[in-house]
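# Architecture and fold: a report
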Amino acid sequence: MTATHLPPASDTLARRNVVILIIAQALLGAQMPVIFTVAGLAGQSLAPNICWATLPITLAVLGSMLTATPLSALMQRYGRAAGFVVGALGGAAGGALGAWGLWEGNFILFCLGAFCSGIYMSAQGFFRFAAADTASDAFRPRAISWVMGGGLLSAILAPVIVRNTADAWVIPFVGSYIAIIVLNLVGMFLFFALRIPRPTARVDSGQGRSRSELIRTPVIAVSMICATVSYALMNLVMTSSPLAVVGCGYQTADASNIVSAHVLAMYLPSFFTGHLIARFGVEKIIATGLFILAGAGAVAMTGVQLEHFYAALILLGIGWNFGFIGATTMLTAAQRPEERGRLQGLNDLIVFGGVTLASLSSGGLMNCSGGSPQTGWQLVNLAMLPFLILAGGALIWLWLRPKEA
């Protein structure tokens, strides 16, 4: 009997693992909203050219993309806990290098720290897959969404960290990166309590479909497209939002509060997303997420008052939740146990590749457009449109295909 198709009685173990992963998502996950709030602002002061202000965030996402496949293989061979501990150590190293770079005024060192933070970001991305490993088919959507819901607590914790650490040292934001070190070193001990059996088939055993066969499977291809578009567009807009808020004359505290509201909106729906998927079907939930993402861009285009930023970022978070959790559920339902490491690593490589490009584009659209912060902000949101059309078209194509046996 495989780990991904256990009977409902085994959900006792799944629920235990979900609780641990929720706590990890809440505690260690707080570092990502902190980084997304302060890294662009810190990069703006360190970068030799303002167009590179969001490069540290881009490098964090790049680090996540490049480490997704090796982390997945590591987890397949040695277990989820080993990969998650490596991720936490990477996050701690990123915090240390980030603090050092700020202290020395060294943009390259700061960027190297951001890249290392991407190792944790990649590991966190596998929390949702770990939640599904021991869950029955019926419990799997709720397990995924509940673990993602742990980010709700991280969204509450992150602005508290920023407010109390951003100016705690002579050099701004050094204290925030020291707090990131502590979060990782303390939180990594949670993973030793996980109980997730490793698959009997090795990732390099050749069993199951090859990567090229997997990516040509319609349901897998569409799930990857929708996950990539949902995550990349969320990152595109969120990366620019602190720069846009401060550039429009508001305070760093306002930017932190808006990012916090956004992260709350990302994770709060997780407590019922799984139920909605079970009731209405995964395709309809993904489609709803894409529609809400379009609404976020439309709201952002209407003005740059604080209420516009809040509304746009809240809609952005909800749209990401529906689109990304829906796509993850679709993907896990299409995998076989022996393909788990291969498929999940490939999926996150593609997803975070798209997120990397979005993050890099965000800074260019925001700061190098030659116009005001308002103009850059509008360009960022307008850039969402073609990718939403791509994902929506892929989903419609899947709907119209004859159902496979």
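See the structure above.
Residues numbered from 1 in each chain as written. Predicted model: local features only at pLDDT ≥ 70, side-chain atom pairs only at ≥ 80, totals over all residues. Heavy atoms only, no water.

In this section: the packing of aromatic side chains. Scanning the entire structure with this criterion turns up 15 aromatic pairs. On the numbers, 4.8 Å between centres and 85 degrees between planes, the contact of Phe-84 with Phe-127 is edge-to-face. Taken together, the residues span a long stretch of sequence, with Phe-84 in helix H4 (residues 80–104) and Phe-127 in helix H6 (residues 127–133) at a distance of 43 residues. Taken as a pair, Phe-84 and Phe-127 share a single burial class, namely buried. Residues Tyr-267 and Trp-320 carry aromatic rings whose centres are separated by 5.7 Å and whose planes lie at 80 degrees to one another, so their mutual orientation is edge-to-face. Placement of Tyr-267 in helix H12 (residues 252–267) and of Trp-320 in helix H15 (residues 306–334) is noted, with a sequence separation of 53 residues between them. For the pair formed by Tyr-267 and Trp-320, the shared burial category is buried. Taken together, Tyr-231, Tyr-267, Trp-320, Phe-324 and Phe-352 form an aromatic cluster joined through their ring pairs. Over the ring of Phe-139 we find Arg-15; its NZ or CZ atom is 4.5 Å from the centre of that ring. (Phe/Tyr/Trp six-rings, centres within 6.5 Å; stacked < 30°, edge-to-face > 60°. Helix = DSSP H or I, 4+ residues; strand = E, 2+ residues; numbered from the N terminus. Buried < 20%, exposed > 50% of the residue type's maximum accessible area, 1.4 Å probe, protein only. Lys NZ or Arg CZ within 6 Å of the ring centre and 35° of its normal.)

Another aspect to go through is the nonpolar core. Phe-84, Phe-191, Tyr-231, Phe-309 and Trp-377 are the most contacted members of the largest nonpolar core, which totals 126 residues. Looking at this core element by element, the count peaks at 16 residues for helix H11 (residues 218–247). Those residues in contact with Phe-309 that sit more than four places away from it in its chain are Ala-244, Val-245, Cys-248, Tyr-250, Ile-258, Val-304 and Trp-377. (Core = buried A, V, L, I, M, F, W, Y, C linked by side-chain atoms within 4.5 Å. Contact = heavy atoms within 4.5 Å.)

Time to look at the packing of helix H2 (residues 31–46) against H11. For the pair H2 and H11, the least separation of the axes is 9 Å and the interaxial angle reads 60 degrees. Relative to H11, the element H2 is oriented oblique. Two packed elements cross with a definite hand, and for H2 against H11 that hand is right-handed. Contact residues: Phe-36, Thr-37, Gly-40, Leu-41 and Gln-44 in H2; Asn-235, Met-238, Thr-239, Pro-242, Leu-243 and Val-246 in H11. By residue class, the composition of the contact of H2 with H11 is 6 nonpolar, 5 polar and no charged. (Axes fitted to C-alpha atoms, helices over the stretch in contact; angles between N-to-C directions. Parallel < 35°, antiparallel > 145°, perpendicular 65-115°, else oblique. Left-handed = near helix turned anticlockwise from the far one by under 90°. Nonpolar A, V, L, I, M, F, W, Y, C, P; charged D, E, K, R; others polar.)

Let's shift gears to the environment of Thr-273. Along the polypeptide, Thr-273 turns up in helix H13 (residues 270–280). Each C-alpha atom, one on Thr-273 and one on Ala-42, is 35 Å from the other, the two residues being 231 residues apart in sequence. Not counting residues within four places of it along the chain, the set of residues in contact with Thr-273 comprises Ser-145, Ile-285, Asn-321, Phe-322 and Ile-325. Separated by 2.7 Å, the side chains of Thr-273 and Asn-321 make a polar contact. (Polar contact = N/O pair within 3.5 Å; in protein donor to acceptor, adjacent residues only side chain to side chain.)

All right, on to the layout of surface pockets then. In this structure, the second largest pocket occupies an estimated 220 Å³ of space. As for the second largest pocket, its lining consists of 13 residues, and the residues nearest its centre are Ala-232, Gly-354, Leu-357, Ala-358 and Phe-387. Broken down by secondary-structure element, the contributors of at least two residues to the lining of the second largest pocket are H11, helix H16 (340–367) and helix H18 (385–400). If you tally residues by element for the lining of the second largest pocket, the top one is H11, at 6 residues. (1 Å grid on protein atoms, 1.4 Å probe; cavity = no way out; pocket = protein on both sides within 12 Å on 5 of 7 lines; lining within 4 Å. Points joined across faces, edges and corners; volume = space filled by probe spheres on them.)

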